[in-house]
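The lines below spell out each chain.
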Amino acid sequence: MNFLDLLHISLTDQVLYGFSAGRLVVRLPVSTALNGAGELNGSNCTPRGLHQVRACIGAGLPTGAVLRGRRWTGEIWSSELHEAFPGRDWILSRILWLSGCEPGFNRMGKVDTFRRYIYLHGTADVEPMGVPLSHGCIRLRNSDLIELFPKVPVHCPVRIEQASCPTWLQAVIE
């Protein structure tokens, strides 16, 4: 298995692009923040800039495992559970916890991505992808995240940018 050496998330495209040895090998739809881009603590925005994966949480958990405080609750997401907790921000299956790499922009102080608990995480099957709806995190389909998870090492760079990436959006996946 080839590990990915860069994840790039386009807020405009609502797509995660994954690279290995400079080649585009993964393209997945995501859902970023309803409030748009921003770095401030409490903003419910998706932080921009260069980050790294600081922790990979949930290896081996079942698809739809409900995570709270980065721990499995023992629950598995279902439509009945979803109805019982309306409005809950479902963090499911796996977590790739991000840490900012740019002091003063997305690291330390009031803009610290890690302390804001910004993740790439699975979400409820009923949530749309390609539409900004999260509270700041990057949501993925559970099946996509479970396939991506073992390919992403700790410290993998993650760049989050506003700009569209039309070449990558149309490129053939290698």
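As the structure is a computational prediction, the values presented were derived from the model and not from experiment. (Residues numbered from 1 in each chain as written. Predicted model: local features only at pLDDT ≥ 70, side-chain atom pairs only at ≥ 80, totals over all residues. Heavy atoms only, no water.)

**Q** Describe the pairing of strand β8 (residues 119-123), naming the residues involved and giving the relevant values.
**A** In terms of burial, β8 is a largely internal element, 5 of the 5 residues being buried. Where strand β7 (residues 92-100) and β8 come together, 4 bridges link them in antiparallel fashion. Bridge pairing in β8 links leucine 96 to leucine 120. With 4 bridges joining them, β8 and strand β9 (residues 138-141) adopt parallel strand pairing. When the bridges of β9 are listed, leucine 120 appears paired with isoleucine 138. (Buried < 20%, exposed > 50% of the residue type's maximum accessible area, 1.4 Å probe, protein only. Helix = DSSP H or I, 4+ residues; strand = E, 2+ residues; numbered from the N terminus. Pairing = 2+ DSSP bridges.)

**Q** Could you give me a rundown of the pairing of strand β2 (residues 15-20), with the residues and numbers involved?
**A** Here is the key point about a regular strand: its side chains alternate between the two faces of the sheet. Within β2, 6 of the 6 residues are buried, which leaves it mostly tucked inside the rest of the structure. Side chains of β2 alternate between two faces, with Val15, Tyr17 and Phe19 and Leu16, Gly18 and Ser20 buried alike. Alignment of strand β1 (residues 6-10) against β2, held across 5 bridges, turns out to be antiparallel. Across the sheet, leucine 7 pairs through a bridge with glycine 18, a residue of β2. Once β1 ends, the chain turns through 4 residues before running back antiparallel as β2, passing glutamine 14 with a positive phi of about 55 degrees. Taken together, the 6 bridges between β2 and strand β3 (residues 23-29) define a ladder with antiparallel strand orientation. By the bridge assignment for β3, tyrosine 17 is matched with arginine 27. If you look at the hairpin formed by β2 and β3, you'll find 2 residues sitting between the two strands, and alanine 21 has a positive phi there, around 50 degrees.

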